[in-house]
Amino acid sequence: MSQSSEPIPLEARGSSPLTGKIRVPGDKSISHRALILGALAVGETRITGLLEGEDVLNTAKAMAALGARVERTGEGAWSVHGVGVGGFHAPDAPLDFGNSGTGCRLAMGAVAGSPIAATFDGDASLRSRPMRRILDPLELMGAMVSGGDGKRLPLTLTGAKDPIPMTYRTPVASAQIKSAVLLAGLSAPGVTTVLETEASRDHTERMLKQFGAEISVEEEGDHGRRIILNGQPELHGVSVAVPADPSSAAFPLVAALIVPDSDLTLTDVMTNPLRTGLFTTLRDMGASIEENDVREAGEPMANLRVRASKLRGVTVPPERAPSMIDEYLVLAVAAAFAEGSTRMRGLQELRVKESDRLEATADMLRVNGVKVEISGDDLIVHGEGFVPGGGLVKTHMDHRIAMSALVMGCASEAPVRVDDTAFIATSFPDFIPMMRRAGADFS
Ligand code: S3P
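> What's the story with the overall build of the chain in this structure? I'm lost.
Scanning the chain from N- to C-terminus turns up 13 helices and 24 strands. Radius of gyration (C-alpha) of the chain: 21 Å, near the 22 Å computed for a compact globule of 443 residues. For the C-alpha atoms alone, the extent of the chain along its principal axes is close to 60 × 45 × 40 Å. Counting every position in the chain, which comprises 443 residues, the buried fraction comes to 61%. Considering only residue pairs separated by 6 or more positions, the chain has 75% of its internal contacts joining residues 24 or more positions apart. Counting every atom, the chain has about 15400 Å² of accessible surface; 49% of that belongs to carbon and sulfur.

> Teacher, can you tell me more about the sheet that holds strand S2 (residues 19-22) here?
Two orientations exist for strands paired in a sheet by backbone hydrogen bonds: parallel and antiparallel. The strand order across the open sheet formed by four strands is S2-S15-S17-S16, and the pairing between neighbours is mixed. Because the sheet does not close on itself, it has two edges, and the strands there are S2 and strand S16 (288-297). With strand direction ignored, the average angle separating the axes of adjacent strands in the sheet is 15 degrees. Relative to strand S15 (residues 263-270), S2 runs parallel, the two being bridged by four bridges. By the bridge assignment, Lys21 is partnered in S15 with Thr265. In the packing of helix H9 (residues 277-284) onto the sheet, the strands contacted are S15, S16 and strand S17 (299-307), and the crossing angle to S16 comes to about 155 degrees.

> Please explain the packing of aromatic side chains as it appears in this structure.
The description of two aromatic rings rests on the distance between their centres and on the angle between their planes. Inspection of the entire model under this criterion finds four aromatic pairs. Ring geometry for Phe251 against Phe431: centres 6.2 Å apart, planes inclined by 80 degrees, an arrangement best described as edge-to-face. Of this pair, Phe251 sits in helix H8 (residues 246-258) while Phe431 sits in helix H13 (residues 431-438); the two residues are 180 residues apart in sequence, bridging distant segments of the chain. This pair shows no difference in class: Phe251 is buried, exactly as Phe431 is. In this structure an aromatic cluster arises from ring pairing among Phe251, Phe428, Phe431 and Phe442.

What counts and what doesn't
- Residues numbered from 1 in each chain as written.
- Predicted model: local features only at pLDDT ≥ 70, side-chain atom pairs only at ≥ 80, totals over all residues.
- Heavy atoms only, no water.
- Helix = DSSP H or I, 4+ residues; strand = E, 2+ residues; numbered from the N terminus.
- Rg over C-alpha atoms; globule rule 2.2 N^0.38 Å.
- Buried < 20%, exposed > 50% of the residue type's maximum accessible area, 1.4 Å probe, protein only.
- Contact = heavy atoms within 4.5 Å.
- Areas by Shrake-Rupley, 256 points an atom, 1.4 Å probe, with all protein chains shown as cover.
- Pairing = 2+ DSSP bridges.
- Axes fitted to C-alpha atoms, helices over the stretch in contact; angles between N-to-C directions.
- Phe/Tyr/Trp six-rings, centres within 6.5 Å; stacked < 30°, edge-to-face > 60°.

Below, the structure is given as structure tokens:
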């Protein structure tokens, strides 16, 4: 895995206009969920367009270790025969989730509803990330935690024999916390309710419905939601066609905005409104992003035509953060090429991602000559319409820092160097060849 492999440095330089049509890989959130729900269902789940990145492959291995039959039947095509809700077997060895917080935390929720013990582990980045936010509600439902310091990996989770249904308000807007509670709630007799003050991505809710669970969602307050799940459903296998990941599309999309004369189309991009805060923000900044072929298949999706645009600085409100939480790094790159200051407010959650992304984003820009400040939980980028470049960016085992820095180098005055691109394989294995084919100069 990347953790033990040699670093792969790379340099990005002023690129030709990005043109043509590309389909970025399948959505990571949906890919994890398709495997996990498939493993909890009875019968066969057939998945097409699965993201075959390291993060998702680790989830596939974990589901197999827990007793599901997981098979690759073609490129991006997978078949899962599940064990039924509460039917996981104890794995023989620790489950290794590599770099993936989502795979690990969702699997914890699923394991919490089976009466088995499983040890969860990951790479150095995942071992440093907080797990209490997931373990707190799972303990309230009857699961037990042992090993390590009880806060971080590696640790052992013993699922509840008789999980207790509950009402839980997530302390931060996090689809991972919400999903872990709902997945554990599948095994509980009665109603599990999750309240969120700010709505987070709702793929778990949508997919649970498709797999046959009784689940309803009510709006609450200005931006919140109440999600109500009836426990102990029989989930049945379904077909899942995974749309292209808007969080991966974000990289070629921003590259096309900042490289002069680009005209690039990104096909089949999921446009769930709880994921598209970046597109809204970029449009506010003056970006030309046209949605064509708008359609719906479990999730809304469209083809996005993106043309190089003159961008201006904006203020991004904190309530938009859940709908673009993984996109701030690449938004900061767009902001550096804009005229005027962009203030991104309320970014505290960025500190607990694959790296401390607030500091890492500021460093990435600073070493390339961009004026940037952190003020409390806000990031302020002072754009001057161009980026000097010439810096070496440290990726801190974080795929999105690596891709953001390479995108920046496509339009900066001097090349941008990246110390290690190996972690790009966790979410977007074809990023480098795909970007090169579209016009990017990476060497
Ligand atoms: C994800 C939720 C987000 C996001 C992550 C994927 C998911 O994390 O950052 O990349 O699939 O549920 P949080 O729920 O911790 O915000």
